[in-house]
Amino acid sequence: MAGVMEAGGWGFLAGFALLIGAAVGFFVRVRPKVLASVMAFGAGVLLSAVSFELVAEAHERAGIVPVVVGSLAGAVLYTAGNVVLARRGARHRKRSGGRQPSEEQQPGSGNAIALGALLDGVPESVVIGTSMLAGGAVSVVTVAAVFISNVPEGLSSAAGMRRAGRGRGYVFGLWMAIAVASGIAAMLGYGLLGSAPDEVVAGITALAAGAILAMVADTMIPEAFEDAHLLIGLITVVGFLLAFALSSSGA
């Protein structure tokens with residue numbers, strides 16, 4: 001039980017970064033190029049975490065087959081869910097500009113955005129829980145990667161929500177709910193898979209990796225390059241290398 005609660009705490013901590021980013025995005029007028037920079041950095045961090053923490057860990061546990069099957073399944077499930085939600089107004093949920101529809105422009109888009117945020121956050125949180133299965137200690141790299149990437153995600157999305165006319169109650173209520181859901185997802189990742197065979201754990205880890213990679217390509221990279229400047233590529237690489245350095249340190 002203690003391990004489950006610990007997993008939930010780490011998941012909530014990583015999810016709470018969304019609230020930090022949302023506070024900046026909602027109350028501070030951040031320049032578009034700065035938003036692009038922080039989103040590029042977050043994308044680099046997650047790409048590294050997917051490569052060196054999730055996919056590598058899954059491959060080490062059970063070989064290439066669960067990695068391929070799980071990753072493709074995660075990408076398919078994420079894409080299918082994203083297509084459904086995009087048709088209901090959540091296509092640009094992480095965009096800071098004026099692309100997010102207001103409730104007047106597209107009724108129900110607020111609920112779709114909320115579900116989209118949940119779709120984006122759950123895979124990240126599940127792997128925080130599964131990272132504790134190997135030795136009982138959480139992967140600091142995974143938590144750090146999700147936390148770091150969540151700040152720009154919350155920042156950019158909240159800025160777009162403000163432009164779409166959504167109030168602070170909606171914005172901060174949404175991200176607090178996602179932070180709580182992140183904690184619950186981490187608890188489930190640890191609690192339900194504790195006695196599962198390596199092949200199952202590897203498949204779930206790879207499934208989350210595929211979903212995260214699809215999310216980065218679909219939501220974070222477009223925002224990063226919406227107002228791209230000449231340093232965007234460099235900033236992405238810096239984020240990638242920071243996460244790689246943490247991973248190589250054995251954290």
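- For the protein, the name recorded in an unreviewed UniProt entry is Zinc transporter, ZIP family, with Marinactinospora thermotolerans DSM 45154 as its organism.

### Concerning the side chain of S37
Next up, step 1: One can find S37 in helix α2 (residues 32–62).
Next up, step 2: With relative accessibility at 15%, the residue S37 sits in the buried group.
Next up, step 3: Only 2.9 Å separates the side chain of S37 from the backbone oxygen of K33, close enough to count as a polar contact.
Next up, step 4: Residues contacting S37, with those up to four places away along its chain left out, are H229, I232 and I235.

### A look at the nonpolar core
Next up, step 1: Counting 20 residues, the largest nonpolar core has L46, L54, I212, M215, V216 and M220 as its most contacted members.
Next up, step 2: Every element with two or more residues in this core is listed here: α2, α7 (198–224) and α8 (232–248).
Next up, step 3: In terms of residue count, α7 provides more of this core than any other element does, nine residues in total.
Next up, step 4: Once residues lying within four places of it in the same chain are set aside, the contact partners of L54 are A49, V127, T205, A209 and I212.
Next up, step 5: Grouped together as the second largest cluster of nonpolar side chains are 16 residues, A22, L85, V171 and W175 included.

### So, the environment of S247
Next up, step 1: Positionally, S247 belongs in helix α8.
Next up, step 2: We classify S247 as buried; its relative accessible area is 18%.
Next up, step 3: Separated by 106 residues in the primary sequence, S247 and V141 have C-alpha atoms spaced 5.8 Å apart.
Next up, step 4: Aside from chain neighbours lying at most four places away, what touches S247 is F52, E53 and V141.
Next up, step 5: There is a polar contact of 2.8 Å between the side chain of S247 and the side chain of E53.

### What to know about the confidence of the model for the protein
Next up, step 1: Confidence in the prediction of the protein, expressed as mean pLDDT, is 85, and 97% of residues score 70 or more.
Next up, step 2: Within the protein, the element-level pLDDT minimum falls on helix α4 (residues 109–130), averaging 82, and the maximum on helix α3 (residues 64–90), averaging 91.

### Focus: a nonpolar patch on the surface
Next up, step 1: Together, F12, F16, I20, M176, V180, I184, L188 and L192 make up a nonpolar patch on the protein surface, roughly 680 Å² of accessible area in all.
Next up, step 2: Put simply, the parts of the chain that give the nonpolar patch at least two residues each are α1 (2–27) and α6 (168–191).
Next up, step 3: Residue contributions to the nonpolar patch peak at four residues, all from α6.
Next up, step 4: Following the sequence through the fold, I20 ends up in helix α1.

### With respect to the packing of helix α5 (residues 140–163) against α8
Next up, step 1: At their nearest, the axes of α5 and α8 sit 9 Å apart, and the two run at 160 degrees to each other. The angle between α5 and α8 falls in the class roughly antiparallel. For the element pair α5 and α8, the recorded crossing hand is right-handed. Residues V141, A144 and I148 of α5 pack against L242, A243, L246 and S247 of α8.

Reading the values: the criteria
Residues numbered from 1 in each chain as written. Predicted model: local features only at pLDDT ≥ 70, side-chain atom pairs only at ≥ 80, totals over all residues. Heavy atoms only, no water. Helix = DSSP H or I, 4+ residues; strand = E, 2+ residues; numbered from the N terminus. Buried < 20%, exposed > 50% of the residue type's maximum accessible area, 1.4 Å probe, protein only. Polar contact = N/O pair within 3.5 Å; in protein donor to acceptor, adjacent residues only side chain to side chain. Contact = heavy atoms within 4.5 Å. Core = buried A, V, L, I, M, F, W, Y, C linked by side-chain atoms within 4.5 Å. pLDDT = per-residue confidence, 0-100. Patch = residues over 30% accessible without salt bridge, like charges linked within 9 Å, V, L, I, M, F, W, Y side chains within 5 Å. Areas by Shrake-Rupley, 256 points an atom, 1.4 Å probe, with all protein chains shown as cover. Salt bridge = Lys/Arg side-chain N within 4 Å of Asp/Glu carboxyl O. Axes fitted to C-alpha atoms, helices over the stretch in contact; angles between N-to-C directions. Parallel < 35°, antiparallel > 145°, perpendicular 65-115°, else oblique. Left-handed = near helix turned anticlockwise from the far one by under 90°.

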